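# A look at the structure
Residue-level listing of the chains:
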Amino acid sequence: MKVGIYPGSFDPVTNGHIDIIKRSAKLVDTLIVAILQNTNKNALFSVEERIHLLEESCKDIKNLKIECFSGLLIDFAKQQNANLIIRGLRALTDFEYELQMAQMNKHLHSEIETIFLVTDVKYSFLSSSSIKEVALFGGDVSNFVPPIVSEKTLEKHKGGI
Ligand code: ADP
C-alpha cells in the first residue's frame, strides 16, 4: 500500500494546493495532508480551522486523511509509514529550498522518496501569503480559493486581522 504525505502550512488552503491534492490522491492509496503546527509563522487560521477548511474543500476525495504534525516531517512520515513526500513546485524560487529539504530528508531516512508535482500554470502565482495580503486590503480572493475559504477569510477580515 502506497502512502503519500503532502505537508504544508495551508494557512489557508488555496486552489493551487487543491490541485496538487487531487493529482497526488491518484498516485497513492492513501494521501495524508499534513498541516505543520508552525509557531514562527504569523498564522491567520488556527490549526483546527485549517483542518476544517481542508475537510470542507476536499470532501469528494475518498482516500484522503488530514493530520497535523510538529517537529521533523521525516519523523512524522516514518510514524505514518509513508513511502512518499509530495511537494508542489511553482517556480524556480521554490526549487532551491525544496531541493535542499528533499536531500536532507533523504539523508535522514533514505527509504522515503520526495516527489514534486509541477503547478498547473493557472495556479503558479498563488500562495497562502498572497491570499492573506489581498484579503487584508479588502481584495476579492474568491477566484483563488475554495468558497468556504473565501467566506472565512472575509469573516476574519471583517473582524479585523
Ligand atoms: P504556501 O507556500 O502557499 O504558504 P505551503 O507552505 O502550505 O504554502 O505549501 C505546501 C506545499 O504546497 C509546498 O510544496 C508548496 O510549494 C506547494 N504549493 C503552494 N501553493 C502552490 C500552488 N499554487 N501550486 C502548486 N503548489 C503549491
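Scroll up to find the structure.
Rules of the game
- Residues numbered from 1 in each chain as written.
- Predicted model: local features only at pLDDT ≥ 70, side-chain atom pairs only at ≥ 80, totals over all residues.
- Heavy atoms only, no water.
- Near = heavy atom within 4 Å.
- Polar contact = N/O pair within 3.5 Å; in protein donor to acceptor, adjacent residues only side chain to side chain.
- Areas by Shrake-Rupley, 256 points an atom, 1.4 Å probe, with all protein chains shown as cover.
- Helix = DSSP H or I, 4+ residues; strand = E, 2+ residues; numbered from the N terminus.
- Buried < 20%, exposed > 50% of the residue type's maximum accessible area, 1.4 Å probe, protein only.
- Contact = heavy atoms within 4.5 Å.

For the ligand, the set of nearby residues contains 19 residues, the closest of which are Tyr 6, Ser 9, Gly 88, Tyr 123 and Ser 128. Contact between the ligand and Gly 88: an oxygen atom at 2.6 Å from a main-chain N or O atom of the residue. Measuring from an oxygen atom of the ligand, one finds a backbone N or O atom of Ser 128 at 2.8 Å. About the coverage of the ligand: the protein hides 92% of its 540 Å² of free accessible area. Those elements that provide at least two residues to the shell around the ligand are strand S1 (3-8), helix H1 (15-25), strand S4 (84-89) and helix H4 (92-108).

Structurally, the position occupied by Ser 128 is in helix H5 (residues 128-136). By relative accessible area, Ser 128 is classed as buried at 15%. There is a polar contact of 2.8 Å between the side chain of Ser 128 and the backbone oxygen of Pro 12. Those residues in contact with Ser 128 that sit more than four places away from it in its chain are Phe 10, Asp 11, Pro 12, Thr 14 and His 17.

With that settled, consider unusual backbone geometry. Omega for the bond connecting Asp 11 with Pro 12 falls within 30 degrees of zero, at 0 degrees, which places this linkage in the cis form. In this fold, Pro 12 is placed in the loop between S1 and H1. Residues other than glycine seldom take positive phi values, yet Phe 10 does so here, at roughly 50 degrees. Along the polypeptide, Phe 10 turns up in the loop between S1 and H1. Taking relative accessible area as the criterion, Phe 10 reaches 2% and is therefore assigned buried. With a phi angle near 55 degrees, Asn 81 is a residue other than glycine that sits in the positive phi range. Tracing the chain through its elements places Asn 81 in the loop between helix H3 (73-79) and S4. With a relative accessible area of 59%, Asn 81 lands in the exposed category.

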